[in-house]
Amino acid sequence: METLVKRNGFFPSVNTLFDDIFSKEVFDWTDKNFSSIGTNLPSVNLKETENKLEVELAAPGLKKEDFKIEIDNNMLMISSEKKEEKEETRKKDNYVRKEFNYQSFCRSFSLPEYIDENKIEASYKDGILHVEIGKKDGVMKKKHKTITIK
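Note that the structure is a prediction, hence the values are computed from the model and not measured.

**Q** So what's going on with the sheet that holds strand β5 (residues 95–110)? Residues and values would help.
**A** The strand order across the open sheet built from three strands is β3-β4-β5, with neighbouring strands paired in antiparallel fashion. Edge positions in the sheet fall to β3 (67–72) and β5, since each of these pairs with one other strand and no more. Taken pair by pair, the neighbouring strands of this sheet meet at an average axis angle of 10°, ignoring direction. Two strands pair when backbone bridges link them, and β3 and strand β4 (residues 75–90) are joined in this way by six bridges, in the antiparallel orientation.

**Q** Tell me about the pattern of salt bridges, and please be specific about residues and values.
**A** Should the charged atoms of two oppositely charged side chains come close, the side chains can pair. Across all of its chains, the model carries eight salt bridges by this definition. Taken together, the shared-partner salt bridges in this structure form one network comprising Lys 52, Glu 54 and Glu 132.

**Q** Mind laying out the side chain of Ser 79, listing which residues take part and the relevant values?
**A** Note on placement: Ser 79 falls in strand β4. Looking at Ser 79, the relative accessible area reads 17%, which means it is buried.

**Q** Residues and numbers for the nonpolar core, please.
**A** In terms of nonpolar packing, the biggest core is built from 15 residues, with Leu 57, Phe 67, Leu 76, Ile 78 and Ile 133 touching the most fellow members. Taken together, the elements giving at least two residues each to this core come down to β2 (52–58), β4, β5 and β7 (128–135). Sequence-distant contacts of Leu 57, that is, excluding residues within four places in its chain, are made with Pro 42, Ser 43, Val 44, Phe 67, Ile 78, Phe 105, Arg 107, Gly 127, Ile 128 and Leu 129.

**Q** Can you tell me about unusual backbone geometry, naming the residues and giving the values?
**A** Unusually for a residue other than glycine, Asn 73 sits at a positive phi of about 55°. Within the element layout of this structure, Asn 73 appears in the loop between β3 and β4. Its relative accessible area of 74% is what places Asn 73 among the exposed residues. Of note in this structure, Asp 126 is not a glycine but carries a positive phi near 55°. Following the sequence through the fold, Asp 126 ends up in the loop between β6 (115–125) and β7. Judged by its relative accessible area of 71%, Asp 126 falls in the exposed class.

Calculation notes
- Residues numbered from 1 in each chain as written.
- Predicted model: local features only at pLDDT ≥ 70, side-chain atom pairs only at ≥ 80, totals over all residues.
- Heavy atoms only, no water.
- Pairing = 2+ DSSP bridges.
- Helix = DSSP H or I, 4+ residues; strand = E, 2+ residues; numbered from the N terminus.
- Axes fitted to C-alpha atoms, helices over the stretch in contact; angles between N-to-C directions.
- Salt bridge = Lys/Arg side-chain N within 4 Å of Asp/Glu carboxyl O.
- Buried < 20%, exposed > 50% of the residue type's maximum accessible area, 1.4 Å probe, protein only.
- Core = buried A, V, L, I, M, F, W, Y, C linked by side-chain atoms within 4.5 Å.
- Contact = heavy atoms within 4.5 Å.

Below you can see the structure in the form of structure tokens.
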């Protein structure tokens, strides 16, 4: 939990910098110092209709070739790996700049027994990966039941 601190100092920005550096727990390996929305994990919308399951995964900046979609033992796995390297050189200034970037993620979803693995379609448009999984014909979903708490 953060505390409120009134800062009085001749150089408030320097004091703030030192306070921020030394007030952080350097050896705290929990994720409380990071974004709670999972900045590297794409957001997903799941929807079930009468005939299919729909998955929408927000992954802007990727291409359809960057995705790998698999189903194994009623588990849907959507993953991506993307590597980029850029190099810039200028011999007259003895200048070299090399940058690289690596992105990867994997999202897994347990699928119900009534899906049909032969009725799967995927498309990627405007930064959204759409995956539709059809249901088996004649298989009814179990009815929704509300449990009363005693």
